[in-house]
Amino acid sequence: MENGAERDSPFKGTFRLFFLGTVSAFVYVFLFLLSGEELCPRGASGLAVTRFLQAYALLFFCYWRLVAPLARGKRMDPRHLWFAIAFSLLFRAIMLPSLPILENDIYRYMWDGHLGAQGINPYRYAPVDSALNEYETPYRRLINYPSIPTIYPPVLQFVFCLAEFLYPGSVEGMKFILLIFDAGTIFLILSLLKKLEYPQEWCLIYAWSPLVVKEIANSGHADSVSAFLLVAFLRLLAEKRMAWSAIALAALTLTKFFGALLVPLFHAAWKWRHFVLFLLIMLLIYAPFLASMDVNPFTGFITYSQQWRFNGGVFDCAEQAIATLGGEAAENSDRLARLFLFAVILATAAWQSAALTWRRTQRDLFRTIFIVMGTLLMCSPVIDPWYLVWMAPLLCLFPNRAWILFTGLVFLSYTYYYKMQFPWWARGVEFGGFFLVFLWDDILGNGKFGNILKTPSQQEKKDSESPLLLIEK
């Protein structure tokens, strides 16, 4: 996709790429050495947290220097692209053997896989249940929220069981399996960009992202599976393989339930049989966990959706605004804020779905997916850094600098571990920085905020050249 984009490399030869890659590699080595007890979420050292955040800031600076020229329309020599991808794989290899930094979700994954390998339904018991004492493991005491049954949907349970089968009781083994999905996502993005005739170097927005490397290669978050299935789903849509896209979306939904919000967007792309196939695949995957009628596989998820809150900038503002009303509204401000923002998400999905009635190109559809997922994430009462792993592949299609910047700013949420509460300034900088750039670029359309925040020139191929998504009836 040329459109007048500059064809020269933004690296002035190979030096710039190798300099940024080498500096980043050394910083990842530093993080590997830093990982340990001092960055355990239950008793983190303030000094260690500061060093971690400083290292991440340097990584993000190198990352930004790499992707900013690309997002502004610069082109990369293909040889440089493959060297850059090689660096991204090196970063992951360095962080694979490191101990999880300020995270412990991986122990829940391992526990779920351990139970599944023993033939036990992971939705039946919470980890503290005495009925599971005979299945004791060294990491059982490290599981977060041990009194709540697992929240993770069935597709992830199959992945956890696979990791347990291949690498029983191994943190590195679990991370290795999740890294396979992560690496697969990089190459799927390359394939998708080539299919759409977008610059393939935009895949580096995902591949070099310090957030993705840290949250998957270091912390071992299962969101790598969701990212992989999301890109696979988009790739199938681009090929107009609608039946397979319905299967992929069903699998994606059973890693993260947000996939269900995307279904109405395909009223012009799918026939009725594709919606039926989507539902049948969902039921088929859930079937092994529903064999016992006395087990509710949604217990943990319901608890999560009703009670959890962390780093929800928009949610916190909505909750505080409702609380100022006083009376019953103040007493139920949390629940009302959840209902209000959920209504906002549904309204956004409905609005985007309706817009596709007259906007029917692939780019329009992909953009609506980006908007709906962005709204969902920003309105959530919980915005953990690894949630942005879902958004990172979409940034390769729409290199929006506000969202790219947010993948760096979101790490200010780790300042919570200084004193198990947020510093007064942290979320103001985190969300203020995002909305400032978003307002300047996407609302006002100005796009000039200094060199480093120069608006990326989106590849605007004429809609008439993009294939329609409507299926012939």
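See above for the structure.
Before going into details, it helps to say that this report is about the structure given with it. (Residues numbered from 1 in each chain as written. Predicted model: local features only at pLDDT ≥ 70, side-chain atom pairs only at ≥ 80, totals over all residues. Heavy atoms only, no water.)

**Topic: the overall build of the protein**
Right, so step 1: Summing up its helical and strand segments, the protein has 20 helices and zero strands in all.
Right, so step 2: For the protein, the C-alpha atoms occupy an extent of roughly 65 × 60 × 55 Å along the three principal directions.
Right, so step 3: Nonlocal contacts in the protein, meaning residues at least 24 apart in sequence, comprise 78% of its contacts between residues at least 6 apart.
Right, so step 4: Accessible surface, the protein: about 20,400 Å² in total, of which carbon and sulfur atoms supply 64%.
Right, so step 5: Side-chain charges of the protein comprise 40 positive and 35 negative groups, with the mean position of each set lying 7 Å from the other. (Helix = DSSP H or I, 4+ residues; strand = E, 2+ residues; numbered from the N terminus. Contact = heavy atoms within 4.5 Å. Areas by Shrake-Rupley, 256 points an atom, 1.4 Å probe, with all protein chains shown as cover. Lys, Arg positive; Asp, Glu negative; His and termini not counted. Charge placed at Lys NZ, Arg CZ, Asp CG, Glu CD.)

**Some points on the packing of helix H9 (residues 223-238) against helix H10 (residues 242-253)**
Right, so step 1: Running from N to C, H9 and H10 point in directions that differ by 165 degrees, and their axes come no closer than 8 Å. Considered as vectors, H9 and H10 are oriented roughly antiparallel to each other. Read as a crossing pair, H9 and H10 show a hand that is left-handed. Between H9 and H10, the contacting residues are Ser 226, Leu 229, Leu 230, Phe 233, Leu 236 and Leu 237 on the first element and Met 242, Trp 244, Ser 245, Ala 248, Leu 249, Ala 251 and Leu 252 on the second.
Right, so step 2: Along the lines of polarity and charge, the residues of the contact of H9 with H10 split into eleven nonpolar, two polar and no charged. (Axes fitted to C-alpha atoms, helices over the stretch in contact; angles between N-to-C directions. Parallel < 35°, antiparallel > 145°, perpendicular 65-115°, else oblique. Left-handed = near helix turned anticlockwise from the far one by under 90°. Nonpolar A, V, L, I, M, F, W, Y, C, P; charged D, E, K, R; others polar.)

**Some words on the state of the cysteines**
Working definition of a disulfide: a covalent bond connecting the sulfur atoms of two cysteines.
Right, so step 1: Per the counting criterion, the structure on display carries zero disulfides.
Right, so step 2: Between Cys 203, a free cysteine, and Cys 396, which holds the nearest cysteine sulfur, the sulfur-to-sulfur gap is 6.6 Å.
Right, so step 3: On the accessibility criterion, Cys 203 (0% relative accessible area) is buried.
Right, so step 4: Counting only cysteine sulfurs, Cys 379 is the nearest neighbor of Cys 317, a cysteine outside any disulfide, at a range of 11 Å.
Right, so step 5: Residue Cys 317 is classed as exposed on the basis of its relative accessible area, which comes to 54%. (Disulfide = S-S within 2.5 Å. Buried < 20%, exposed > 50% of the residue type's maximum accessible area, 1.4 Å probe, protein only.)

**Looking at the nonpolar core**
Right, so step 1: Residues Leu 204, Phe 266 and Ile 369 are the most contacted members of the largest nonpolar core, which totals 158 residues.
Right, so step 2: Broken down by element, this core gets its largest block of residues, 15 residues, from helix H2 (residues 46-71).
Right, so step 3: Setting aside chain neighbours within four positions, we find Leu 204 in contact with Tyr 63, Leu 66, Val 67, Leu 70, Met 76, Leu 81, Ala 84, Ile 85 and Ser 209. (Core = buried A, V, L, I, M, F, W, Y, C linked by side-chain atoms within 4.5 Å.)

**A few points about the packing of helix H4 (residues 105-117) against helix H6 (residues 171-196)**
Right, so step 1: It is at 10 Å that the axes of H4 and H6 come closest, and there the two elements cross at 90 degrees. Put simply, H4 runs roughly perpendicular to H6. Where H4 abuts H6, its residues Ile 106, Tyr 107, Tyr 109 and Met 110 lie against Val 171, Met 174, Lys 175 and Leu 178.
Right, so step 2: By residue class, the composition of the contact of H4 with H6 is seven nonpolar, no polar and one charged.

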